[in-house]
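The primary structure of each chain is shown beneath.
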Amino acid sequence: MPLRILICGLEGSPVAEGTGGIERLLVGWSRGLAARGIEVHLVNVACAGVPRVDGVAGHAVASLTAVHALAADLAVDLLSVHNTPWLAVGAPVPTVVSLHNRPPAWIWPRSEPGRSRAGLAAACGVSAVSRFLAGIAAEESGREVAVVVPFADDTFFAEPLPASRGPMVLFAGRLVRRKGAGLLPELARRVRERAPAAEVVATVFDHPLIPDPDVGPLVAELAAAAGVRLVPGQRGSADLAALYAQARVLVVPSMWEEAFGLVSVEAQACGTFPVIFADGGLPETLASGCAVPVGAVDRLADAAAEALAAWSPAGARGIRAAAAGRFARDTSTDAYLRFCTASLAGV
């Protein structure tokens, strides 16, 4: 019999194409597993509607506490939870935990970190999205942690590569200071000193569930900055791919240690050259691109200006090809399936 798996979304965040990075991964993995003959069930938790993914059974429950009952009712072989390790405790079926963010994202409640540690111990397998995050999780849990690298969705690899692009430097992350959004006016000034026609384009996006007080003041600050243009953020994959394909360069100037950095991977799938701060798991996202020391805006501007000047259609095709070799959905889905089956075999 084929493997039967229940994949649990994040509480309050619908698993759909146009939502956050974790949700896009769950949609892609679910679709890929179903194409491999796996019976996949995908559940929304505490949000409207059921997931709608071809070949996948969608469900909805009112809270995380109802996930165990659903797993038992469906009689699945494996429960797959994401950033919610405590769900492995008392689960009616073997459970794998996938970690997508640094703690405290998966320490809940904050006052009881022992619950998450107990979940990491109870799981039949634990994975993380980067070697950097796997090291943190291994230290926290005292157990081996697998690495399952995320992917850029097929939509990004299918986006037509234009024959020409303007001198656009794109910032496509959440518009918050820890992601480096506050550095954009200085970056724009320094890039324009080197490439006067350049512009920095920033997407106006904040997490719908965890709004950040930075966003409002940053919008006003960036709207007044010379050489910075704001565009609506958090679009569906197709719109986001079209935006990446307009830019020659993507900047990811995060001021904290990212677990991974899906925007870098998606941009490379669209032939866009990423320039990142070398922190956390971000360097693991580079099939092509450049990493500079954290906080070194001048080095960031130098690298962005050089990439603007060096852009060519052939170079964009090369960036896409390199990304396809490391970050294709099939590659990631195969790794996720190996992780699930190996974990279940150890039960």
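Refer to the structure printed above.
Values in this document were obtained by computation on a predicted structure and should not be read as measured data. (Residues numbered from 1 in each chain as written. Predicted model: local features only at pLDDT ≥ 70, side-chain atom pairs only at ≥ 80, totals over all residues. Heavy atoms only, no water.)

Undergrad: What is the right way to read the overall build of the protein chain from this model?
TA: Within the protein chain one finds 12 helices and 13 strands. Compactness check: the protein chain gives a C-alpha radius of gyration of 20 Å against a globular reference of 20 Å for 347 residues, within 12% of the reference. On the principal axes, the C-alpha backbone points of the protein chain span a range of 60 × 40 × 35 Å. Considering the protein chain as a whole, with its 347 residues, one finds that 54% of them fall into the buried category. Here the contacts in the protein chain between residues at least 6 apart in sequence split such that 67% fall between residues at least 24 apart. When the accessible area of the protein chain is evaluated, it comes to approximately 13,300 Å², of which 56% is carbon and sulfur surface. When the 29 basic and 32 acidic side-chain charges of the protein chain are each reduced to a single mean position, those positions are 3 Å apart. (Helix = DSSP H or I, 4+ residues; strand = E, 2+ residues; numbered from the N terminus. Rg over C-alpha atoms; globule rule 2.2 N^0.38 Å. Buried < 20%, exposed > 50% of the residue type's maximum accessible area, 1.4 Å probe, protein only. Contact = heavy atoms within 4.5 Å. Areas by Shrake-Rupley, 256 points an atom, 1.4 Å probe, with all protein chains shown as cover. Lys, Arg positive; Asp, Glu negative; His and termini not counted. Charge placed at Lys NZ, Arg CZ, Asp CG, Glu CD.)

Undergrad: Any chance you could explain the sheet that holds strand S13 (residues 290–292) here in plain terms?
TA: To summarise the sheet geometry, strands pair through backbone hydrogen bonds and adopt either a parallel or an antiparallel arrangement. Strand order in the open sheet made by the 6 strands is S10-S9-S8-S11-S12-S13, with parallel pairing throughout. In the strand order of this sheet, the two ends are held by strand S10 (228–232) and S13, each with one partner. On average, adjacent strands in this sheet sit at an angle of 25 degrees to one another, irrespective of strand direction. By the bridge criterion, 2 bridges tie strand S8 (residues 168–171) to strand S11 (residues 249–252) in an arrangement that is parallel. Bridge pairing in S11 links Leu 170 to Leu 250. Where helix H9 (residues 262–269) meets the sheet, it contacts S11 and strand S12 (273–277), and its direction lies at approximately 175 degrees from that of S11. (Pairing = 2+ DSSP bridges. Axes fitted to C-alpha atoms, helices over the stretch in contact; angles between N-to-C directions.)

Undergrad: Which parts of the structure should I look at to understand unusual backbone geometry?
TA: Most peptide bonds adopt trans geometry, and most residues besides glycine take a negative phi value. In the segment running from Pro 103 into Pro 104, the intervening peptide bond is cis, with an omega of 20 degrees. Among the structural elements, Pro 104 can be located in the loop between strand S5 (95–99) and helix H3 (113–122). Of note in the backbone geometry, Ala 46 takes a positive phi value of approximately 55 degrees without being a glycine. Mapped onto the elements of the fold, Ala 46 is located in the loop between strand S2 (39–45) and strand S3 (57–61). Its relative accessible area of 36% is what places Ala 46 among the partly exposed residues. Unusually for a residue other than glycine, Ala 75 sits at a positive phi of about 55 degrees. Residue Ala 75 is classed as partly exposed on the basis of its relative accessible area of 47%.

Undergrad: Help me understand the pattern of salt bridges, please; the structure alone is not making it clear to me.
TA: Across all of its chains, the model carries 16 salt bridges by this definition. Notably, a salt bridge pairs Lys 179 with Glu 258, separated by 2.9 Å at the nearest N-O pair. Of the two residues, Lys 179 is situated in the loop between S8 and helix H6 (184–194) and Glu 258 in the loop between S11 and H9; the sequence distance between them amounts to 79 residues. Note on accessibility: Lys 179 and Glu 258 belong to one class, buried. Three or more residues are tied together by salt bridges with common partners; here these are Glu 186, Arg 189, Arg 190, Glu 193, Arg 194, Asp 298 and Asp 302. (Salt bridge = Lys/Arg side-chain N within 4 Å of Asp/Glu carboxyl O.)

Undergrad: Looking at this model, I keep getting lost on the side chain of Glu 266. Mind explaining?
TA: Here Glu 266 shows up in helix H9. The exposure class of Glu 266 is buried, given its relative accessible area of 2%. A distance of 3.1 Å separates polar atoms of two side chains, one belonging to Glu 266 and the other to Tyr 244. Non-local contacts of Glu 266, meaning those with residues more than four positions away in its chain, are made with Arg 24, Ala 152, Phe 156, Leu 240 and Tyr 244. (Polar contact = N/O pair within 3.5 Å; in protein donor to acceptor, adjacent residues only side chain to side chain.)

Undergrad: Quick question: what am I supposed to make of the packing of aromatic side chains here?
TA: Centre-to-centre distance and the angle between the planes together describe a pair of aromatic rings. According to the stated counting rule, one finds 3 aromatic pairs in the structure shown. Their ring planes at 55 degrees and their centres at 5.8 Å tell us that Phe 156 and Tyr 244 sit as a pair that is tilted. Of this pair, Phe 156 sits in helix H5 (residues 154–158) while Tyr 244 is found in helix H8 (residues 237–246), placing the two residues 88 residues apart along the sequence. With a centroid separation of 6.4 Å and 70 degrees between ring planes, the pair formed by Phe 260 and Phe 327 is classed as edge-to-face. Here Phe 327 lies in helix H11 (residues 313–327) and Phe 260 lies in the loop between S11 and H9, a separation of 67 residues in the sequence. With respect to burial, Phe 260 and Phe 327 carry one shared label: buried. The ring of Trp 256 has Arg 178 sitting right over it, with the charged end atom 5.3 Å from the ring centre. (Phe/Tyr/Trp six-rings, centres within 6.5 Å; stacked < 30°, edge-to-face > 60°. Lys NZ or Arg CZ within 6 Å of the ring centre and 35° of its normal.)

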